[in-house]
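Reading the structure
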Amino acid sequence: MKALIAASIKYQDNQLLILDQYLLPHEQVWHECESIREMIHLIQSLQIRGAPAIGIAASILIAMLAERGTSKMELTQAISDCRAARPTAVNLMNCMDAMQQALEQSEFVDALVITAESIFEQDRLMCDAMATFGAQLINDGDNLLTHCNTGALATAGVGTALGVFLHAHQAGKNIHVWVDETRPLLQGGRLTAYELGNWKIDYTLICDNMAASLMAKGKVDKIFVGADRIAANGDFANKVGTYNLAVLANFHNVEFYVVAPVTTLDIDCESGTHIPIEQRASSEVTGVSGSFGSCQWAPKQAKVYNPAFDVTPANLVTGWVLDTGVYYPQDVLNGCLKTL
Ligand SMILES: CSC[C@H]1O[C@H](OP(=O)(O)O)[C@H](O)[C@@H]1O
């Protein structure tokens, strides 16, 4: 398999390295991944995260194991185990299904390698396409807002929603981005702030509960978010807190866009009510942990509700920015997502 180098994934010379996103931005630690068990732990602990990135990393590992001589039976189990690592981001399932199809070919090692390389390269191209389409929606001087992290760390390319901001910035548009810190795991405060800072894009970090008053003051022109799964009717799951933003945007007449590659589409899923939502550990809400250490502030006996995602209905979406173009409510109502 050829070298595959992205912001959070590095494959070269039979070695797969994964950047530990849980420790960013203060520590850059690369973990070598050599087993399915290690990959599943990295995915479930969000040391590697981001809907496209987890599917890409798992695919590269499977191909690497195949080149190392792992049996077809073990690879079948490995694909099945990886597929179940996290339940919401459909990219992971789509990638594992593609790898399973490759495994069923007679020359399965070559087929797995070709498929993993294609998944990687296609994601890079899709990121550029989304960024190009999305940047056309941004005007010079726009105040933008985003949630969670959807940059290069979460993909094999420049990202989804953050890639749109990068292309607008590179086109010379003067933009400012309000960055939701994104409780409970702070992907915005840790990762989006890190990426926008590296790209020299002007941003201001806010707590999630501050977005409403900014919109009330007319300080937000457009919101761009990512997605983990888009249903056939245009409803989509994304990091918890996205639905809050969609409702607020609708109330304050702020344009609200979702940015995702077609590998995030699940046309077998009729609507958002059918999207499985990952529930995560209480400790993520009762306190915080990371490269800075950890502390728990809530009472030990506190009951906790910690869904990793929520679902935004299509009727709150201004536009869907995909790698195949920008689609509007009438398009989606007419079933265009099923034809992509
Ligand atoms: C382009 S990443 C899409 C999506 O994935 C993130 O979730 P997580 O950080 O739990 O992997 C977030 O929902 C992003 O919008």
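Just so you know, these numbers come straight off a predicted model, no measurement behind them.

1. Details of the sheet that holds strand S2 (residues 9-12)
Across the sheet, which stays open at both edges, the 4 strands sit in the order S1-S2-S3-S4 with antiparallel pairing between neighbours. The outermost strands of the open sheet, each flanked by one partner alone, are strand S1 (4-5) and strand S4 (30-32). Looking at chain direction, S1 and S2 are connected through 2 bridges and run antiparallel. In the sheet register, Leu-4 faces S2, and the bridge partner there is Tyr-11. Running at roughly 20° to S2, helix H2 (residues 51-67) makes contact with S1, S2 and strand S3 (15-19) of the sheet.

2. Topic: the packing of aromatic side chains
Counted by the stated rule, this structure contains 3 aromatic pairs. Seen in terms of ring centroids, Phe-165 and Phe-224 are 5.7 Å apart; in terms of plane orientation they differ by 85°. Their pairing is edge-to-face. Note that Phe-165 is positioned in helix H6 (residues 161-170) and Phe-224 in strand S8 (residues 222-225), a separation of 59 residues in sequence. Of the two residues, Phe-165 and Phe-224, both sit in the buried class. An aromatic cluster is defined as three or more aromatic residues linked by ring pairs; in this entry it consists of Phe-165, Phe-224 and Tyr-257.

3. So, helix H1 (residues 36-44)
Within the span of H1, buried status applies to Ile-36, Met-39, Ile-40, Leu-42 and Ile-43. Projection of H1 onto a plane perpendicular to its axis shows the buried side chains occupying an angular sector of 160°, all on one side. Buried residues belonging to H1 abut S3, S4, H2 and helix H3 (72-83). Two residues or fewer after H1 comes Leu-46, characterised by a positive phi angle close to 60°.

4. Describing the domain arrangement of the chain
Partitioning the chain into structural domains gives domain 1 (4-127) and domain 2 (131-339). The straight-line distance from the C-alpha centre of domain 1 to that of domain 2 is 24 Å. Contacts between the two partners involve 34 residues from domain 1, matched on the other side by 38 residues from domain 2. Between domain 1 and domain 2, a total of about 2,900 Å² is buried, with carbon and sulfur atoms accounting for 55% of that surface.

5. Considering the site of the ligand
Around the ligand, the structure places 18 residues, and the nearest of them are Arg-49, Arg-86, Asp-228, Asn-238 and Lys-239. Within the side chain of Arg-86, a nitrogen or oxygen atom sits 2.8 Å from an oxygen atom of the ligand. In the environment of the ligand, an oxygen atom lies 2.6 Å from a nitrogen or oxygen atom belonging to the side chain of Lys-239. In the complex, the protein chains occlude 100% of the 410 Å² of accessible area that the ligand would expose alone. The cavity that encloses the ligand is the largest cavity. Among the elements of the structure, H2 and strand S10 (236-239) are those that each provide at least two residues to the shell around the ligand. Of the residues contributing to the shell around the ligand, the split by class is 7 nonpolar, 7 polar and 4 charged. Of the domains in this structure, domain 1 (4-127) and domain 2 (131-339) are the two that each give at least three residues to the shell around the ligand.

Criteria and thresholds
- Residues numbered from 1 in each chain as written.
- Predicted model: local features only at pLDDT ≥ 70, side-chain atom pairs only at ≥ 80, totals over all residues.
- Heavy atoms only, no water.
- Pairing = 2+ DSSP bridges.
- Helix = DSSP H or I, 4+ residues; strand = E, 2+ residues; numbered from the N terminus.
- Contact = heavy atoms within 4.5 Å.
- Axes fitted to C-alpha atoms, helices over the stretch in contact; angles between N-to-C directions.
- Phe/Tyr/Trp six-rings, centres within 6.5 Å; stacked < 30°, edge-to-face > 60°.
- Buried < 20%, exposed > 50% of the residue type's maximum accessible area, 1.4 Å probe, protein only.
- Arc of directions from axis to C-beta.
- Domains from an automatic or database assignment.
- Buried area = accessible area lost by both parts, 1.4 Å probe.
- Near = heavy atom within 4 Å.
- Polar contact = N/O pair within 3.5 Å; in protein donor to acceptor, adjacent residues only side chain to side chain.
- Areas by Shrake-Rupley, 256 points an atom, 1.4 Å probe, with all protein chains shown as cover.
- 1 Å grid on protein atoms, 1.4 Å probe; cavity = no way out; pocket = protein on both sides within 12 Å on 5 of 7 lines; lining within 4 Å.
- Sits in = over half its atoms within 2 Å of the grid points.
- Nonpolar A, V, L, I, M, F, W, Y, C, P; charged D, E, K, R; others polar.

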